[in-house]
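Each chain is listed here by its residues.
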Amino acid sequence: MSTHFFLLSGPLTVERLSWLEESLKFYFIQIYPESLMYRTTADKPVFTFFLTGDALASIEIPETQQIWSVILSIAAVRIVCDRQELDLRGISTERLKMKNPGQIVDVNSLSDDKQPSFWTDLIAELKHSPATRQPADTAGWFQYESPYMHRSALYGIRFLLAALENRFSAELYADLDGVHMGHIGQNPTDAENIGQRLDELADRAGKSDLAFQILASSHSAAARGYNTFDDGEGIVVSTSGLKSFKIRDISTIVARFRHNHVIFSENAGSVQFPWKNSAPLFDRAEQSSTSFPLLIFITKSPYSTEHAYGAISFAAACAHKGILTRVVFIEDGVYALTGKPQVSPDAAGFNIIDIINAVAGNENLHLFALTPSLQKRGAVKNPELKAVLEIGYPGLGKLMFYLPGNVQAEHQRVLIV
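Given the structure is predicted, the values throughout are model-derived calculations rather than measurements.

Thresholds applied
- Residues numbered from 1 in each chain as written.
- Predicted model: local features only at pLDDT ≥ 70, side-chain atom pairs only at ≥ 80, totals over all residues.
- Heavy atoms only, no water.
- Helix = DSSP H or I, 4+ residues; strand = E, 2+ residues; numbered from the N terminus.
- Rg over C-alpha atoms; globule rule 2.2 N^0.38 Å.
- Contact = heavy atoms within 4.5 Å.
- Areas by Shrake-Rupley, 256 points an atom, 1.4 Å probe, with all protein chains shown as cover.
- Lys, Arg positive; Asp, Glu negative; His and termini not counted.
- Charge placed at Lys NZ, Arg CZ, Asp CG, Glu CD.
- Buried < 20%, exposed > 50% of the residue type's maximum accessible area, 1.4 Å probe, protein only.
- Pairing = 2+ DSSP bridges.
- Right-handed = clockwise from strand over helix to strand, strands pointing away.
- Arc of directions from axis to C-beta.

Time to look at the overall build of the chain. Helix and strand counts for the chain stand at 13 helices and 19 strands. Here the C-alpha atoms of the chain give a radius of gyration of 21 Å, agreeing with the 22 Å that 2.2 N^0.38 yields for 417 residues. In terms of its C-alpha atoms, the chain occupies a principal-axis envelope of roughly 60 × 55 × 40 Å. In the chain, 79% of the contacts between residues at least 6 apart in sequence involve partners at least 24 apart. Carbon and sulfur atoms form 51% of the exposed surface of the chain, whose accessible area is close to 17600 Å². On the chain, the mean spot of the 37 positive side-chain charges and the mean spot of the 45 negative ones are 5 Å from each other.

Rendered as structure tokens:
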């Protein structure tokens, strides 16, 4: 079983893989240096990367393949590939496998239908996950992209199905365009029917005496025309949603993040803190907390999509409920911190810098910008953003792996948005 594992399905650019590489270097040099002195056994990796979707292309692209070679030079790192997605894309793992025997897994375990399933392999990591002191019994999926346009919705279905097959209760949390997964009457002719699959998951859970629920953000649902009746107390009824589709205030979703089960998304991770009360403190929660800290990487520019705004709003909601939440603006996400944007007083739009300043006062919300991302773009942080601390790769490593002060938790959740 791995100490840390990541699920990556989006494009793995040189920039993204580079900062992941730097984070791993920090861990193995500062926290686990003994792994560099000898080759650990292949059946006990410290880091496991589960790759599916577009992330698999990084195995063949020369620039990213070279970075993977550096990462895999550490024997405690393993990659598990989605065989079905490899075949779909015609991608071969042979070159990396030859150079790193035993560290690349491209044959998946069998699911209940006797077919190879990458998601069954991922769920196997959760059975005795460091997310809980006891074996985990619930698996959650956070969806913010629309179905059909993005394969992440299908990945969420496959993940939750594998969870139910392995006696986990399953939960889907939908925000932004992710709420479209729960629309009634879906009838695609050239893709799996997401709505039908959700109904099948609910039916399977009921027959197996397992819990299954879908929680959708009422704010996002209202923006997309789902709200038929709102009782003003956080419960919304929609005639456009599936029976299992529950529209609730975002605080209801955040409450699930306070529970100690693993939650994945299209690009996400689970990181175990190496020591309790012994690592150097990098930051601290406002009050003593047992909730798992949340580390959110905002990677997309503001305004053209809701990703940055949605991530900041969700981070603020988590912090408000007592979850220590660290946000790192990274890659194109640093554009949210630059310039001096102006919005007309009568415009319906928003100024992302004003929003950041508005939420920055919460003691459980800590904001950072990766300096190499700013430098790569020739960008400078807006001087008004005094609450946003610039950090380098060592600071990034500390955020990822050091236990924050005032937190009694064994791991933290990582979301890359």
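Next, the rest of the story.
Here the focus is the pairing of strand S14 (residues 294-298). Two faces, one strand: in a regular strand the side chains alternate between the faces of the sheet. Counting buried residues in S14 gives 5 out of 5 residues, a clear majority hidden from the surface. Burial along S14 is two-sided: Leu294, Ile296 and Ile298 facing one way and Leu295 and Phe297 facing the other are all buried. Pairing of S14 with strand S15 (residues 325-329), which is carried by 5 bridges, proceeds in the parallel orientation. Across the sheet, the residue bridging to phenylalanine 297 is valine 328, located in S15. Crossover handedness for the path S14 to helix H10 (residues 307-320) to S15: right-handed. In the sheet, S14 pairs with strand S19 (residues 411-416) via 4 bridges, with the strands oriented parallel. Bridge pairing in S19 links leucine 295 to valine 414.

Right, let's talk about helix H9 (residues 250-257) for a bit. Residues Ile253, Val254, Arg256 and Phe257 constitute the buried set of H9. Down the axis of H9, the sector holding all buried residues measures 150 degrees, keeping them to one side. Lining the buried residues of H9 we find strand S5 (138-143), strand S6 (169-174), strand S7 (212-217), strand S11 (262-264), H10 and S19.

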